Every structure is written in C-alpha cells, then in structure tokens.
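Listed here are the chains, written in short residue letters.
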Number of protein chains: 2
Amino acid sequence: MTITSPDPSWGPSQTPTTALLTDHYELTMLQAALQAGTADRHSVFELFGRRLPEGRRYGVVAGVGRALRALESFRFDDEALAFLGSRQVVDRPTLDWLADFRFKGNIWGYPEGEIYFPGSPLMVVEGSFAEAVLLETVLLSIYNHDSAIASAASRMTAMADGRPCIEMGSRRTQELAAVAAARAAYVAGFDATSNLEAGRRFGVPTTGTAAHSFTLLFDSERQAFQAQIDSLGTGTTLLVDTYDVAEAVRTGVELAGGELGAIRLDSGDLAEAARRVRRQLDDLGATETKIIVTSDLDEWNIAALSGAPVDGYGVGTALVTGSGHPTCGFVYKLVARAESADPSAPLFPVAKKSTNKLSIGGRKYALRRLDAQGIAEAEVIGIGEPPNGDDNDRPLLVPLVTAGEIVGAEPLSVARDRHRATRAELPLDALKMSRGVPAIPTTYIDSDH
Amino acid sequence: MTITSPDPSWGPSQTPTTALLTDHYELTMLQAALQAGTADRHSVFELFGRRLPEGRRYGVVAGVGRALRALESFRFDDEALAFLGSRQVVDRPTLDWLADFRFKGNIWGYPEGEIYFPGSPLMVVEGSFAEAVLLETVLLSIYNHDSAIASAASRMTAMADGRPCIEMGSRRTQELAAVAAARAAYVAGFDATSNLEAGRRFGVPTTGTAAHSFTLLFDSERQAFQAQIDSLGTGTTLLVDTYDVAEAVRTGVELAGGELGAIRLDSGDLAEAARRVRRQLDDLGATETKIIVTSDLDEWNIAALSGAPVDGYGVGTALVTGSGHPTCGFVYKLVARAESADPSAPLFPVAKKSTNKLSIGGRKYALRRLDAQGIAEAEVIGIGEPPNGDDNDRPLLVPLVTAGEIVGAEPLSVARDRHRATRAELPLDALKMSRGVPAIPTTYIDSDH
C-alpha cells in the first residue's frame, strides 16, 4: 500500500489527462510484466457483460465516442509522472515507459447506440499486454456508466412512444457524470437535456421550465408568471403547482392566452391532474398548450401515463441512476495471448477457471441474426473466427482504432439513429416492462475446438 | 426548447469552468428575474434531504470541500458565454450579467464528515436570488453524489470494525464520479483507494493487488507469482483464485516464504475459503500473511464475514453505487426572502404548498443534542433563529463562505476524523444493519410563529 498523507488540495472537475483515471494495480502489473519480459506479449482483451441487469430484456451500448476521446487523452504527462514517482507507485523504468506511452494497437467494438445481450463482445482490444491492460479502468468506467444510463433511457423512450422525453437529472448524480448521462440519454432517444455542459460539449439540445423558487421569489404567482412570460415569451412553460393548480392554470392562460406554450405538473397524481388540467385548458381555449409532467418518473410511470393527456416527460433521478441498475457490470478480460510480441504468432485462448464468474477464452466475433422480416433472432458469437451469416445478418464489430489511430468517431446523431433502428429490430417482447429474460438468445460458435 | 444540432465534438473529462454544470432553467429564471427587477432580492436557499434512504438510520455529509472548489471555478468564461449566446439560452443583458458573475454571498453548512438526518439544513446559502439560484444544480450534484457514497461507506467501515476497507469501484461508475467516490469513501473511513487520480488530486492513499489477466499472461501461475514478487517484493498481494486456490497459496508461500504480504480471494464462498486458506497459510508457517477478500462485497457481506479470518475488504460496485441508494435525494429550496436587496430587510419564510413534497419555510439553524454521556439524542432545528442548547450540544452549521470568500476549506483528514468522532456519538442502534428509522428524531423549534 502506498501511503500518502492527505493534503489540503480539494479539487473540482478538471483533469488534464485521462491516464490517472486508472486503478493502481494496472501500473504495478505493468511494472512486473516489463521486468519479466512478458509485457509486450501480443494480447486480446475483451469488454463484455456476463448478464443483463436482473429482469431486463436488452441493453444499449453507449460511451463509445467518449471512450475514444478518453483514449486520445490517455497520456502520462509530467504531473502524472511526478505523482507516480513521488508516491513510488512504480519504479523508474516503468515511469520511462509510461512517459512514451501511446496506444498503438487495434480496437473493434459495437458501435454506439447498438443493442447488446449477455456475452456480446462490446469491445475487442488487441495490442501488447502492456498497452491493453492500462486501458482497463477508464474503458470500463465509461462503458459501465454510459450504457447503464442509455439502457434505462431506451426503456423510457420506448414507453413514451413518441412523446418527447427530457433529461433533467443532473442534480441527482455527480456533476460530470451528469454530462455523460445527458449524452447517453440522447443516444437512447431523449429529445433534450437540462444540462448546459452537455449542450456545449456534445451538442445535445437543452431546455428548461422554471422552479418553485421562481414563483416564491415574487409577491404573487401572477407576478411571477407575468415576469416569465414578459422575458421568455408566451411559448414558455409555466410551473403550476406551487399553490393551487387550477388557479395557476387560469392565471397562466389569462396572461398568455391560447399562446401559452406549456404548463408543468411536478407533484400529485399526475394522470388525474393532467386530465383535469387538459379539460381546463381546453375550456379556456388553450387547446394548443401542452402538458409536461415531472416528479420521480421512471419507465413504469411513463407507461402508466400513456392514457393520460400528457405531451412530454421530464425524467430525473430514475434516469441518471439507471432506474435501479446504475452500472452494467461489464468486465474487461484477457481472452487470448501469444507467447511473443509478434502479431502473427499464434494466439492461445485463456480464461480464469472460477466457480462463479464465467469467462469464455478466445477472441470473439459477433453478428446479429435477423429473420427474413428483419427481426432479431439471436446474438451469434464466433470464438476464434467470425461466424457465418447470411445476407440478413448484421456483423456487430466495427473498427474503432486501427494501429493507434481513431477511426470510429462519428456524430452523436448517427448513434441516436442507430439506436432507434436497432431497437426497432427487436422482437416485440423486448419492449415489455415486466421482468423478463434477454429478448434473443446468445449463441456461441467455437472454432477453436 | 433550444434546439442545437449535435456536432461531432465528443469530449472527455475536462471542463475549464464549473458554471455550465447547471440546468438550463437556472439561467432563464435569472433572465426573467433580472428583467422583472426581482433578481437582487435578498434570499436564503437551503440544501436538505426530506428523508433518509429507505431503512437507513443515518447519513454522512460529503462533498463540502469539492463544492467549495466548484464554487471557486463557477465563472462564465468566454467559451461558456459564447455557447449561451449562440444557442440563445439567455438574452444579451443576462449574458453581460453572467460575465461579471461572482458569488458574493454567505454560505453556512454542516462540515464534511458530519452525520445528518431528515431535514438537517446541510447548507444555507444567503445572497441575492440571482447568485444563489445559479448554484443550485452543481451544489446538489456534488452533495447528492458524494453524500450517497459516504453514507454507504460509513456503514461498511462500521461493519468492518477496524479491519481496513479499500475502495476499488472505479470501473463501475463514471470515470470522474469514481474520483469523487474514492474521496467520499475515504472521508467515511476507507483506508485507501485503487484510483490513482484520487491519490493525485485529493491525497487519498492508493493501493492495488493484481488481476487475473496478469496470471493468464504467463505460461504458468508460478511464473506469474515469481514475476510479481521479483518486481514488487515479497510484501505484495497475490491473487490466488485463477486456477486452484490451495495450489496457488502453496506456490505463493514457496516463492515468498513467510514474508508473503497477502493473498486475495475474489470468488466463491469467501468465509469458507478464508478459513481454509488461513489454516493452510498457518500450516505453511506464513502466519503473518494477510487475507484480503473482494467480490461483490457490501455492508451485509462485510458483516457476515466478521467471524472469518479476513484482514481486509476490497469493495467495488456496492460502494460506488451507494449500496442501493446512489443518490441522496437532497433538494435546494428558497426558504426565505426579502422584498428588496437590503440584507437587513425583513426575511419572509416561503414554501411551496404541495401535497406530497414537504418543505418548511424559514431560515434554519441546527444543533445536535447530546446527553450527559455525549450520546446523540435529537437533531434540533430552529426556524428563524438558533435553538437554545446546553453545553453538551453541538451547533452544526459552520461558516463555509463569507461575503464570497471561501472560509471553510480544510484538509480531508479533518473531515475523516470528524466522521469517526460524530459517528461514535450515535446511539448503538444507529449501526444496526437491519432496516430501521433515523437513529435520532428531528425536532423543529419555530420562532417565526
């Protein structure tokens, strides 16, 4: 154990490099392998999940673009090296090796927005043991978080069935996890986020309504609504449940007329309140005014509101915490290695022999088997070589990094479109909210044996 | 809704300012209040939780130091302003106001590591409405995350009862949430983390063992162990469950002798395996070699292992996901305001009148009532003025920011010591693992009525 005395530097959210977003042991394993002469053995690591979260029928891959960007910044700068040296995390030869480090291997992966199932080889990293093992922590962090959010978000947008979903959970998760969550939700079909940094950094559309504090700031609700309409226009969304909903709706329509953009309900029985407010709005002639609901929504509550006159859902806590499953449980395992650094040397499949943690050795390939109607039938995983598929089937691994160069970057809108298209391929059962099993089976085809 | 087209900038983990870690509506409310002339009304906001997570008996405040640092970086720089302008989030007068923004108010809060209960006024922010409302999102993000982790961590270290706990969950949470989680766990009594950035940024001690991939890289387990011992010394920790545990332990002791630092068990029935390995180590003369267990530990599993010969716990997923409660559900509410900007103008308590979301208007003060033996009896919250306490009682709010200057920064070790001391004050029931109610009641004393 390296003991460092806590110092008073209490810092925020900046990191000049992603290289220290890494577990201590990745570097000590590197040191030992360098000294033993095995660090450059040609190796294949794989990122995958052993199972879906309990009861879920599919998962959504997200974080691919962020992972590629993190890889680009994965350099041990002077400050990182000074830290590692001063704390004696690793020895001088290892520090020298790290100073020159740059990933030069190859990575294939499921593209962002794609659906995944148990065992899907979400990322295949090929390179020297040294360069591939170093990436373990940061790749898992990004994939485990972003895919958990996207997987929950996808169920919510499926239940919303075309009604817009707005991500507004920033306050309920770590401040930078919030930015990643807004991005992942957008991939999985959310229309906008409240998070401004997600707008700036990733181009996610941003939106907002108003808080109760705004109404309470004024001497009356009428004054607050008037101020909001004066400044933001009649198309704004008024929050109507600070005092009395019916009176607030009446006031809002009186001030904005039929032009009032929307009202937001944030408490009570949302279905019943929405019905009552819809009738009231229509009676007042505000037939175009929309009703946005918020307040602890999740995929089940969204589904339960499908019959209510709701025009949009604002989702917070349940989204950013993965709706009961805040992490995917993905692992990153050495699945094959050679006995030398030669990329053409034969790769031997390797796997831990453990009682309760299944790993399957050997390099994986994957395709989604589709029937004649284009409906997904199976996740077919080839071990050692690609499985045979027919014209309907879709290969799932695409090049992300080739000889250290990032080749898999793409606009976020492409990932969002892909999610919509690949979710639409799933059998109908996949979108049920009841607890279930994976919507299609995972089939292994082992050519190594 | 501001529609922005997604662009291909897919970014990592850097943010030059914390000002955009903010919900869109904070800025539009600001704009409307500026235009209406109410933005400078003297206001008091309060950050608190309405309840503890279901079944929990106490919570732990964490994130205070990070929040103060985030406040320091909360400036709208040119890039942020350009984004807000180009996306038309707010108008020109508001942008000009933001360009000059710097929080000049006062903040009091529970110091880091302190215990909290339902209704505890964890942070009291006093200033103009404008400056206080802007901080809502980032303060909640930090407090909701860090306190959730610390609250779970505290239960784990309580159950570990002096045996060291090591945080190793980085891979199971967003990459920068991981750094914050390691810090929060340290506050709540964890001894070390695997996260190197938490070591660099916050001085948390870092440590590590080895992964199965390291063993699989070598042609035999013996060669892997030899390489690890050669490089890292006999005091290293060997991972012994890649193939056969008993054989691995034999090999490890053969290579390192009685000097072997520790072995790690990462699968199977940990209690039974630890007993078997302890006997084997003792029989081999390695009586000083420690046993570290990992593999989906949480506070209940740690408690269940209390009778097993275990010398340390490595905790991952359950810790970084708050052991079932990944967020605290804290809210940030306007509780009092004046009708002018004059800090001496009378403050009126304000609160939403909602059916299912309790808020209590009025500025809060708090003390922990302790009995003659120094055991906590009640959380006493004064509304409008400080409650009377006797010499045993401890006031809970300390100055964090005074007239915009940060005065509450402190070394992390102070927060860690405070956690240990304040947890020790709780009645014995507080540390039970069974589902319960808050260990002490929250009592309100209302001088406003």
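Residues numbered from 1 in each chain as written. Chains lettered and ligands numbered in written order. Predicted model: local features only at pLDDT ≥ 70, side-chain atom pairs only at ≥ 80, totals over all residues. Heavy atoms only, no water.

Under the annotation held in an unreviewed UniProt entry, chain A carries the name Nicotinate phosphoribosyltransferase and is attributed to Naumannella halotolerans. Here chain A is described in UniProt, under the heading Pathway (unreviewed entry), as follows: "Cofactor biosynthesis; NAD(+) biosynthesis; nicotinate D-ribonucleotide from nicotinate: step 1/1." (UniProt positions renumbered as here; feature names shortened; annotations may be inferred.)

Residues Phe76, Leu84 and Tyr143 of chain A together with Phe76, Leu84 and Tyr143 of chain B are the most contacted members of the largest nonpolar core, which totals 166 residues. Contact partners of Tyr143 of chain B, with chain neighbours within four places excluded, come to Leu47, Val61, Ala62, Gly63, Val64, Ala67, Leu122, Met123, Ala148, Phe330 and Leu400 of chain B. (Core = buried A, V, L, I, M, F, W, Y, C linked by side-chain atoms within 4.5 Å. Buried < 20%, exposed > 50% of the residue type's maximum accessible area, 1.4 Å probe, protein only. Contact = heavy atoms within 4.5 Å.)

As a further point, take helix 3 (residues 78-86) of chain A. If you check which residues of helix 3 of chain A are buried, you get Ala80, Leu81, Phe83 and Leu84 of chain A. The buried residues of helix 3 of chain A occupy an angular sector of 160° when the element is viewed end-on, so they sit on one face. Buried positions along helix 3 of chain A lie against helix 1 (24-36) and helix 4 (92-99) of chain A together with helix 8 (196-202) of chain B. Two residues or fewer past helix 3 of chain A, Gln88 of chain A is found with a positive phi of approximately 50°. (Helix = DSSP H or I, 4+ residues; strand = E, 2+ residues; numbered from the N terminus. Arc of directions from axis to C-beta.)

Before going further, it helps to spend a moment on helix 10 (residues 221-232) of chain B. Spanning twelve residues, helix 10 of chain B covers 16 Å between terminal C-alpha atoms, matching the ideal 16 Å at 1.5 Å per step. Among all positions in helix 10 of chain B, only Glu221, Ala224, Phe225, Ala227, Gln228, Ile229 and Ser231 of chain B are buried. Those residues of helix 10 of chain B that are buried are in contact with helix 1 of chain A together with helix 9 (212-217), strand 8 (237-239) and helix 11 (245-256) of chain B. Gly233 of chain B occupies a position one or two residues after helix 10 of chain B and carries a positive phi of about 90°. (Expected span 1.5 Å × (residues − 1).)

So, about the interface of chain A and chain B. Often, the extent of an interface is quoted as the loss of accessible area upon association of its parts. On the chain B side, the residues contacting the 132 residues of chain A number 131 residues. Summing both partners gives a buried area of about 11000 Å² for chain A against chain B, and 57% of it is carried by carbon and sulfur. For the interface between chain A and chain B, the tally reads 16 salt bridges. A salt bridge links Glu136 of chain A to Arg171 of chain B, with the nearest nitrogen and oxygen atoms 2.9 Å apart. The tally of links between chain A and chain B comes to 51 residue pairs in polar contact (both at pLDDT 80 or more). (Buried area = accessible area lost by both parts, 1.4 Å probe. Salt bridge = Lys/Arg side-chain N within 4 Å of Asp/Glu carboxyl O. Polar contact = N/O pair within 3.5 Å; in protein donor to acceptor, adjacent residues only side chain to side chain.)

All names here are of chain A. Per the counting criterion, the structure on display carries 67 salt bridges over all chains. For Arg92, the salt bridge goes to Asp96, with nearest N and O atoms at 3.6 Å. Placement of both Arg92 and Asp96 in helix 4 is noted, with a separation of four residues, approximately one turn of the helix. For Asp96, a relative accessible area of 41% puts it in the partly exposed group.

This part is about the UniProt feature "domain: Nicotinate phosphoribosyltransferase N-terminal" (unreviewed entry) in chain A. Under the present numbering, the feature "domain: Nicotinate phosphoribosyltransferase N-terminal" (unreviewed entry) in UniProt falls on residues 20-143 of chain A. Helix makes up 42% of residues 20-143 of chain A and strand 18%. Its end C-alpha atoms lie 17 Å apart.

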